[in-house]
Amino acid sequence: MVGDEGSADRTLFHGIDTHYLALSALDLMMEATTVSSGSTSVEVIEHLANIADCMKPGLTSSQTRRVADFVLDALNNKANNHREFQADYFDAATCSTKFVRYRLVRFESDADDVYRYRPTAEGYLVYLGMLDLAPEDSQELMEKMLDLLVRRGRFEAAVEIARRARKYSIEYRQLIRDRLYQAYRAPGSINWSRDMASRLNDARAHVRQRQAEDARMEEAVGEALLGAEEPKTRENLVQLKETIRSASLIRLQLVTDINVAPERFIEAQRAVFRARKPTGLPDLEPQLLPQLVNLPTRVLSAQADTFLSALYPPVWPKVYDLNSVFALLLEQRSDDVEVETDPGTIEKQEPLPDQFSKELVRRANDWLANKFSVGQRLRIDQLLDAAEDEGLDRTMRRCLVLILFRSFASSENEFQDVNVELTGGTFHLDIAQGSALDFVPKGEKE
């Protein structure tokens with residue numbers, strides 16, 4: 001029942017399902033909350049007015065807007081000055097009647113100072129109750145909300161929200177870095193509990209929320225990409241997926257900043273106990289005193305007290321003998337060591353030349369192939385002795401040693417008709433020494 005008996009409101013709402021309108025309003029807010037902070041009042045009013053027009057086509061535009069305003073005001077409890085709803089119930093544990101206060105929607109500004117409606121926790125319960133859905137299924141419902149949004153093709157809105165979340169992550173990183181930098185420059189000016197802890201907690205909450213939502217979004221985008229056929233749709237989906245991955249990378253860096261922030265803050269606080277070097281301070285003798293001497297007498301006499309007090313040290317040194325006095329007077333402040341500004345030169349790295357030329361390796365392979373073509377079992381020392389007897393130079397024989405030992409590995413063996421076996425003995429020659437190898441033709445082994 002809406003309105004008083006016989007009033008115009010009763011006639012206006014005759015045939016209007018206000019329960020469905022409330023459910024539709026919550027549904028719109030929930031969908032907008034998936035990718036942003038909620039729906040604006042203009043979006044909610046237009047949505048409800050369109051549904052009211054479908055329910056009762058005879059209504060004018062002003063009447064449908066009035067219906068929409070009434071439903072939105074009812075959800076926001078405008079009749080009671082937007083205060084919380086109150087309901088009483090019997091508590092069996094205390095055998096008494098208790099009251100519960102709740103709101104169905106919130107009207108708050110987002111990060112861009114735009115006021116939007118979004119459901120509260122109780123608003124979600126009302127929505128699920130109207131759907132006759134068990135509360136324990138609410139988590140699964142929320143996971144499917146984004147999937148529904150992607151299926152409806154609102155890719156541009158999703159990309160914009162992903163970029164906005166990426167920007168928020170960058171702002172959190174910059175905020176943490178600025179606070180730590182200030183702590184380094186002025187130790188003691190940053191209070192951990194007041195200036196750092198709350199910001200880090202906000203950053204952690206931001207990471208948790210966005211990681212969960214981006215995981216669902218990336219899964220939904222992946223499924224939509226598999227079924228998309230239009231080039232424009234696939235392009236939007238690929239852009240959305242790349243934006244989500246870029247935001248995830250920045251949040252990973254934000255997590256690193258959050259984890260190392262306590263250690264860096266402690267390190268900055270240790271600077272309070274370090275002695276600072278007098279760098280960049282003007283010297284008294286070459287700079288200040290000549291300037292004072294060049295001033296007019298009347299200026300010196302007028303500012304004499306200020307000048308004299310500036311020459312006094314903060315703490316008077318304790319001097320016990322004349323030697324200490326002369327040492328103190330003759331002491332000169334050492335200049336800071338100048339940092340070398342010469343960046344040096346970068347030399348191009350030249351690769352080392354090959355030990356054996358390609359022509360030499362080819363001739364060594366041909367010589368070994370000729371020896372193996374005889375079809376006899378040969379030992380490595382026999383092959384090297386034969387090479388020396390035939391007058392091959394030392395470089396050629398060293399190349400033969402390398403090829404023969406590499407052939408022990410089947411993947412490096414250039415001679416497919418020869419198997420290499422390790423005999424267990426050793427050999428000693430002037431060119432090489434090591435484990436003895438036998439080169440056996442495959443036909444003989446079989």
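Residues numbered from 1 in each chain as written. Predicted model: local features only at pLDDT ≥ 70, side-chain atom pairs only at ≥ 80, totals over all residues. Heavy atoms only, no water.

### Here's the deal with the overall build of the chain
Argument step 1. Each helix and strand in the chain was counted, giving 17 helices and seven strands.
Argument step 2. For the chain, the residues scored as buried account for 30% of the 446 residues in total.
Argument step 3. For the chain, contacts bridging at least 24 residues in sequence account for 60% of all contacts bridging at least 6.
Argument step 4. Entry remark: accessible area of the chain is about 30,300 Å², with carbon and sulfur atoms responsible for 51%. (Helix = DSSP H or I, 4+ residues; strand = E, 2+ residues; numbered from the N terminus. Buried < 20%, exposed > 50% of the residue type's maximum accessible area, 1.4 Å probe, protein only. Contact = heavy atoms within 4.5 Å. Areas by Shrake-Rupley, 256 points an atom, 1.4 Å probe, with all protein chains shown as cover.)

### Observations regarding empty space enclosed by the protein
Argument step 1. Under the definition given, this model contains one cavity of 30 Å³ or more.
Argument step 2. The class makeup of the residues in the lining of the largest cavity is five nonpolar, three polar and three charged. (1 Å grid on protein atoms, 1.4 Å probe; cavity = no way out; pocket = protein on both sides within 12 Å on 5 of 7 lines; lining within 4 Å. Points joined across faces, edges and corners; volume = space filled by probe spheres on them. Nonpolar A, V, L, I, M, F, W, Y, C, P; charged D, E, K, R; others polar.)

### Concerning the side chain of Arg173
Argument step 1. With respect to the element layout, Arg173 can be found in helix H7 (residues 155-185).
Argument step 2. The exposure class assigned to Arg173 is buried, which follows from its relative accessible area of 15%.
Argument step 3. Separated by 2.7 Å, the side chains of Arg173 and Asp257 make a polar contact.
Argument step 4. Apart from residues lying up to four places away in sequence, Arg173 is in contact with Ile250, Gln253, Leu254 and Asp257. (Polar contact = N/O pair within 3.5 Å; in protein donor to acceptor, adjacent residues only side chain to side chain.)

### Considerations on the nonpolar core
Argument step 1. Judged by nonpolar contacts, the single largest core of 29 residues is most densely connected at Leu21, Val44, Leu48, Val67 and Val105.
Argument step 2. Broken down by secondary-structure element, the contributors of at least two residues to this core are helix H2 (18-35), helix H3 (41-55), helix H4 (61-75) and helix H5 (121-130).
Argument step 3. Among the elements that line this core, the one with the most residues is H2, at eight residues.
Argument step 4. Aside from chain neighbours lying at most four places away, what touches Val105 is Leu26, Met29, Leu75, Asn76, Tyr117, Arg118, Pro119 and Thr120.
Argument step 5. If you look at the next biggest cluster of nonpolar residues, it comprises 25 residues, including Ala364, Leu368, Ala387 and Ile431. (Core = buried A, V, L, I, M, F, W, Y, C linked by side-chain atoms within 4.5 Å.)

### Looking at H3
Argument step 1. Its 15 residues place the ends of H3 21 Å apart at the C-alpha level, agreeing with the 21 Å of an ideal helix rising 1.5 Å per residue.
Argument step 2. When we look at burial in H3, the residues that qualify are Val44, Ile45, Leu48, Ala49, Ile51 and Ala52. Taken down its axis, H3 places every buried residue within 165 degrees of arc, on the same side. Away from its buried face, by an angle of more than 90 degrees, H3 presents the exposed residues Asn50 and Cys54. (Expected span 1.5 Å × (residues − 1). Arc of directions from axis to C-beta.)

### Topic: the pattern of salt bridges
Argument step 1. Under the defined criterion, the tally for this structure stands at 14 salt bridges.
Argument step 2. Between Arg362 and Asp366 there is a salt bridge, with its nearest N and O atoms 3.1 Å apart. With Arg362 and Asp366 both in helix H14 (residues 358-372), this residue pair falls four residues apart, about one helical turn.
Argument step 3. Owing to a relative accessible area of 42%, Arg362 belongs among the partly exposed residues under this scheme.
Argument step 4. By relative accessible area, Asp366 is classed as partly exposed at 42%.
Argument step 5. In this structure, the salt-bridge partner of Arg406 is Glu412, at a minimum N-O distance of 2.7 Å.
Argument step 6. According to the relative accessible area criterion, Arg406 is partly exposed, its value standing at 42%.
Argument step 7. A single salt-bridge network, built from bridges that share partners, covers Glu359, Arg362 and Asp366. (Salt bridge = Lys/Arg side-chain N within 4 Å of Asp/Glu carboxyl O.)

### Re the sheet that holds strand E6 (residues 418-428)
Argument step 1. One open sheet holds the three strands; their spatial order is E5-E7-E6, and the pairing between them is antiparallel. Whereas interior strands pair on both sides, the edge strands pair on one side only; in this sheet they are strand E5 (378-379) and E6.
Argument step 2. As defined by bridge partners, E6 adjoins strand E7 (residues 433-441) across eight bridges and the pair is classed as antiparallel. Pairing of Val418 across the sheet is with Pro441, part of E7. (Pairing = 2+ DSSP bridges.)

### Concerning the packing of aromatic side chains
Argument step 1. Summed over all chains, the structure comprises eight aromatic pairs.
Argument step 2. Consider the rings of Trp192 and Phe265, whose centres lie 5.1 Å apart with planes at 50 degrees: the pair is tilted. Within this pair, whereas Trp192 is found in helix H8 (residues 192-227), its partner Phe265 is found in helix H9 (residues 231-269), the two being separated by 73 residues in sequence. (Phe/Tyr/Trp six-rings, centres within 6.5 Å; stacked < 30°, edge-to-face > 60°.)

### What to know about the confidence of the model for the chain
Argument step 1. Residue-level pLDDT values for the chain average 78, and 80% of them are 70 or greater.
Argument step 2. Within the model, pLDDT remains below 50 along residues 1-7, and this stretch shows eight contacts once partners closer than five positions in the same chain are excluded. (pLDDT = per-residue confidence, 0-100.)

### Thoughts on unusual backbone geometry
Argument step 1. If you check the backbone angles, His82 has positive phi at about 60 degrees while not being a glycine.
Argument step 2. Following the sequence through the fold, His82 ends up in the loop between H4 and strand E1 (85-91).
Argument step 3. Even without being a glycine, Cys95 presents a positive backbone phi close to 55 degrees.
Argument step 4. Mapped onto the elements of the fold, Cys95 is located in the loop between E1 and strand E2 (96-102).
Argument step 5. Judged by its relative accessible area of 61%, Cys95 is exposed.

### Quick look at the side chain of Ser24
Argument step 1. Following the sequence through the fold, Ser24 ends up in helix H2.
Argument step 2. With a relative accessible area of 10%, Ser24 lands in the buried category.

### Brief notes about H4
Argument step 1. Across its 15 residues, H4 extends 21 Å between first and last C-alpha, which sits within 8% of the 21 Å expected from 1.5 Å per residue.
Argument step 2. Inspection of H4 places Thr64, Val67, Ala68, Val71, Leu72 and Leu75 among the buried residues, and these make up the whole buried set. Projection of H4 onto a plane perpendicular to its axis shows the buried side chains occupying an angular sector of 130 degrees, all on one side.
Argument step 3. Positioned one or two residues after H4, Asn77 has a phi angle of 60 degrees, which is positive.

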